Amino acid sequence: MDSGLLIAFIPTFAAVLALPGPNAAFAVGQSLKYGIRKSLAVAAGFMLATFAHAVIVLSGLGLLIESYAGALEILKWCGVAYLVYLAKKSFFSKQGVVVVASQKMTTRKMMLSAMLVSLTNPKALLASLMIYPLFMTESGGYVLQAVALVLIAMFVSFVIYAAYIVAASKLGRHLNRSELANKVVAAFYLGAAGLLASK
């Protein structure tokens, strides 16, 4: 394996993930609503989605999926609909975010929701399709390189979205834990839906 390429992969992949998009908006919304500790499940969900994207691309399925753009489009709009649904629930909630947090979302559901948001974003898959091959060489063992890239990508993914979650939680402390906070969360969900729809 080329250690230089692996090191270069870290800032490249981090830069792609750090750009504000549907995942970041969803992470911020969940953090404002549920706090840091519980919302780390969102970062874990995005990490698992990163693993799924990597496996799809590195196993060669990415080329097949790229040929069926229509299926990706349907998948994208399913993700948009889900985010709009979350926004509607949050916007019309009459309870404070603390009460909502204790009743409405389990850690497992948060993780699965994050995976759904990421896996219904066709640009995330296409970006993976373009990035991973750039950091692999013919001289190195394919499986070993693939495993190394996937592990690094998962770590970077968790760190980036955990950072969004921590930053959003600090912002949330300045919000009144009331219906206003729910409106802010709804706005982030709608923002995520809009970003995904524009992809």
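1. Description of the nonpolar core
Phase 1: Ranked by size, the top nonpolar core spans 37 residues in total, and within it F9, F13, V42, F46 and Y132 carry the most contacts.
Phase 2: Only α1 (3-18), α2 (22-34), α3 (36-58), α7 (107-119), α8 (122-131) and α9 (142-172) provide two or more residues apiece to this core.
Phase 3: Among the elements that take part in this core, α9 stands out by supplying twelve residues, more than any other.
Phase 4: Ignoring anything within four residues of it in the chain, the contact list for F13 reads T50, I131, Y132, A153 and V156.

2. Some points on the packing of α2 against α3
Phase 1: At a minimum axis separation of 8 Å, α2 and α3 run at an interaxial angle of 160°. Judged by the angle between their axes, α2 and α3 are roughly antiparallel. Between α2 and α3 lies a crossing of right-handed hand. Every residue of α3 that contacts α2 at N23, F26, A27, Q30, S31 and Y34 is listed here: I36, K38, S39, V42 and F46.
Phase 2: Here the residues of the contact of α2 with α3 sort into six nonpolar, four polar and one charged.

3. Looking at the layout of surface pockets
Phase 1: Looking at the largest pocket, its volume works out to about 370 Å³.
Phase 2: What lines the largest pocket is a set of 22 residues, among which V16, L17, N121, A124 and Y161 lie closest to the centre.
Phase 3: Those elements giving two or more residues to the lining of the largest pocket turn out to be α1, α2, α3, α8 and α9.
Phase 4: Looking at the lining of the largest pocket element by element, the count peaks at five residues for α8.
Phase 5: Considering only residue class, the lining of the largest pocket consists of twelve nonpolar, eight polar and two charged.

4. A word on the packing of α2 against α7
Phase 1: Taken N-terminus to C-terminus, the directions of α2 and α7 make an angle of 160°; their axes are 9 Å apart at the nearest point. Relative to α7, the element α2 is oriented roughly antiparallel. Viewed along their axes, α2 and α7 form a crossing whose handedness is right-handed. Across the interface between the two elements, P22, N23, F26, Q30 and Y34 of α2 pack against M110, S113, A114, V117 and S118 of α7.
Phase 2: Residue composition of the contact of α2 with α7, grouped by class: six nonpolar, four polar and no charged.

5. So, the environment of A15
Phase 1: With respect to the element layout, A15 can be found in helix α1.
Phase 2: Take A15: its relative accessible area is 43%, and that puts it in the partly exposed class.
Phase 3: In this structure, the C-alpha to C-alpha distance between A15 and V156, residues 141 residues apart in sequence, is 9.9 Å.

6. Quick notes on the confidence of the model for the protein
Phase 1: For the protein, mean pLDDT is 77; residues scoring 70 or higher make up 70% of the total.
Phase 2: Taken element by element, the predicted model of the protein shows its lowest mean pLDDT in helix α6 (residues 97-104) (43) and its highest in α3 (92).

7. Here's the deal with the packing of aromatic side chains
Phase 1: Counting across every chain of the model gives seven aromatic pairs.
Phase 2: Measuring from ring centre to ring centre gives 5.2 Å for F9 and F13, while their planes differ by 25°; the resulting arrangement is stacked. Pair noted here: F9 and F13 are both in helix α1, with a separation of four residues, about one helical turn. Side by side, F9 and F13 carry an identical accessibility label, which is buried.
Phase 3: Residues F9 and Y132 carry aromatic rings whose centres are separated by 5.7 Å and whose planes lie at 35° to one another, so their mutual orientation is tilted. Here the residue F9 occupies a position in helix α1, and Y132 occupies one in the loop between α8 and α9, the gap between them amounting to 123 residues.

8. What about α3?
Phase 1: With 23 residues, α3 should reach 33 Å at 1.5 Å per residue; the first-to-last C-alpha distance of 32 Å fits that figure.
Phase 2: G60, located one to two residues past α3, shows a positive phi value of around 95°.

Cut-offs applied
Residues numbered from 1 in each chain as written. Predicted model: local features only at pLDDT ≥ 70, side-chain atom pairs only at ≥ 80, totals over all residues. Heavy atoms only, no water. Core = buried A, V, L, I, M, F, W, Y, C linked by side-chain atoms within 4.5 Å. Buried < 20%, exposed > 50% of the residue type's maximum accessible area, 1.4 Å probe, protein only. Helix = DSSP H or I, 4+ residues; strand = E, 2+ residues; numbered from the N terminus. Contact = heavy atoms within 4.5 Å. Axes fitted to C-alpha atoms, helices over the stretch in contact; angles between N-to-C directions. Parallel < 35°, antiparallel > 145°, perpendicular 65-115°, else oblique. Left-handed = near helix turned anticlockwise from the far one by under 90°. Nonpolar A, V, L, I, M, F, W, Y, C, P; charged D, E, K, R; others polar. 1 Å grid on protein atoms, 1.4 Å probe; cavity = no way out; pocket = protein on both sides within 12 Å on 5 of 7 lines; lining within 4 Å. Points joined across faces, edges and corners; volume = space filled by probe spheres on them. pLDDT = per-residue confidence, 0-100. Phe/Tyr/Trp six-rings, centres within 6.5 Å; stacked < 30°, edge-to-face > 60°. Expected span 1.5 Å × (residues − 1).

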